[in-house]
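Structural description and commentary
Okay, here's what each chain looks like letter by letter:
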Amino acid sequence: MGFMRSYKHLDHLCAGIYPNARNGISGYIEDMEQTPRGAYLVSGWNDDYKALKHYRWVRNQIAHDEYADEENMCQPGDIEWLENFHRRIMNQTDPLALARIAKKAPVSQQKIRPKTSAEPHSDHRYPAEKKADLSVIWTIIALTAVFAAVLYFLLNN
């Protein structure tokens, strides 16, 4: 399947299933934006949100830009991601479905993870975010070590 065909396939599914998604993927994105605590409740929420916005942008470029086509706008894995997201909606493991499930769960169990395999975009589209997460962890570790050293020095002098 080509990118546009896969995009349309997902777009029609979104338009038919989600109440505010009468505009297909754009409506799905709006529903995500209007879901309180979605990123807290569902692991991978932000990655899915960014990917959907990116693919909508790619679709718009192909549809409206004279020089844009699938060949120069799409990357390996884009079609696979769209088809995988379609399957996730059908299996009710997409972000909006998982958020609905999480909201019904007891507070202690509200953070849930999709039951699907790793999404391709998580590994090839947003590596800077993963590096940022690691840098925060290392910064916290370094600050803790400095704090411990200063405390040790003050207590032993």
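These notes cover the structure that comes with them. (Residues numbered from 1 in each chain as written. Predicted model: local features only at pLDDT ≥ 70, side-chain atom pairs only at ≥ 80, totals over all residues. Heavy atoms only, no water.)

1. Observations concerning the overall build of the protein
From N to C terminus, the protein includes nine helices and zero strands. Mapped from its N terminus to its C terminus, the protein presents α and β elements in the order α-α-α-α-α-α-α-α-α. Expressed as a percentage of its 157 residues, the buried residues of the protein come to 38%. Long-range contacts, defined here as pairs at least 24 residues apart, represent 65% of the contacts in the protein between residues at least 6 apart. If you sum the accessible surface of the protein, you get close to 9,900 Å²; carbon and sulfur atoms cover 58% of it. (Helix = DSSP H or I, 4+ residues; strand = E, 2+ residues; numbered from the N terminus. Buried < 20%, exposed > 50% of the residue type's maximum accessible area, 1.4 Å probe, protein only. Contact = heavy atoms within 4.5 Å. Areas by Shrake-Rupley, 256 points an atom, 1.4 Å probe, with all protein chains shown as cover.)

2. Some remarks on the packing of aromatic side chains
Taken as a whole, this structure holds five aromatic pairs when the rule is applied. For the ring pair W81 and F85, a centre distance of 4.9 Å and an interplane angle of 15° mean the geometry is stacked. Placement of the pair is W81 and F85 together in helix 6 (residues 78-90), with a separation of four residues, close to one helical turn. Using a relative accessible area of 0% as the deciding quantity, one classes F85 as buried. An aromatic cluster is built from F3, Y7, Y28, Y55, W81 and F85, whose rings are joined through pairwise contacts. (Phe/Tyr/Trp six-rings, centres within 6.5 Å; stacked < 30°, edge-to-face > 60°.)

3. A closer look at the pattern of salt bridges
Side chains that differ in sign of charge can pair as their charged atoms come close. According to the stated counting rule, one finds one salt bridge in the structure shown. Note that R88 and D48 form a salt bridge whose closest N and O atoms lie 2.7 Å from each other. Residue R88 is located in helix 6, and its partner D48 is located in helix 4 (residues 45-64); the two are separated by 40 residues in the primary sequence. By relative accessible area, D48 is classed as buried at 1%. (Salt bridge = Lys/Arg side-chain N within 4 Å of Asp/Glu carboxyl O.)

4. So, the environment of D94
Within the secondary structure, D94 sits in the loop between helix 6 and helix 7 (95-104). Under the relative-accessibility criterion, D94 is labelled buried at 0%. In this structure, the C-alpha to C-alpha distance between D94 and N84, residues 10 residues apart in sequence, is 9.8 Å. Engagement of the side chain of D94 in a polar contact is seen with the side chain of Y28, the distance being 2.6 Å. (Polar contact = N/O pair within 3.5 Å; in protein donor to acceptor, adjacent residues only side chain to side chain.)

5. Points about a nonpolar patch on the surface
Residues V146, V150, F153 and L154 make up a contiguous nonpolar surface patch of roughly 410 Å² in combined accessible area. You can see L154 is positioned in helix 9 (residues 127-155). Residue L154 is classed as exposed on the basis of its relative accessible area of 57%. (Patch = residues over 30% accessible without salt bridge, like charges linked within 9 Å, V, L, I, M, F, W, Y side chains within 5 Å.)

6. Observations regarding the nonpolar core
Counting 29 residues, the largest nonpolar core has F3, L10, Y28 and L52 as its most contacted members. Of all elements in the fold, only helix 1 (3-17), helix 2 (25-33), helix 4, helix 6 and helix 7 reach the threshold of two or more residues within this core. Of the residues forming this core, the biggest block, seven residues, is contributed by helix 4. Aside from chain neighbours lying at most four places away, what touches F3 is Y55, V58, R59, I62, E70, C74, D78, I79 and L82. (Core = buried A, V, L, I, M, F, W, Y, C linked by side-chain atoms within 4.5 Å.)

7. Digging into the environment of I89
As for its position among the elements, I89 is in helix 6. Overall, I89 belongs to the buried group, its relative accessible area being 4%. Separated by 75 residues in the primary sequence, I89 and C14 have C-alpha atoms spaced 8.3 Å apart.

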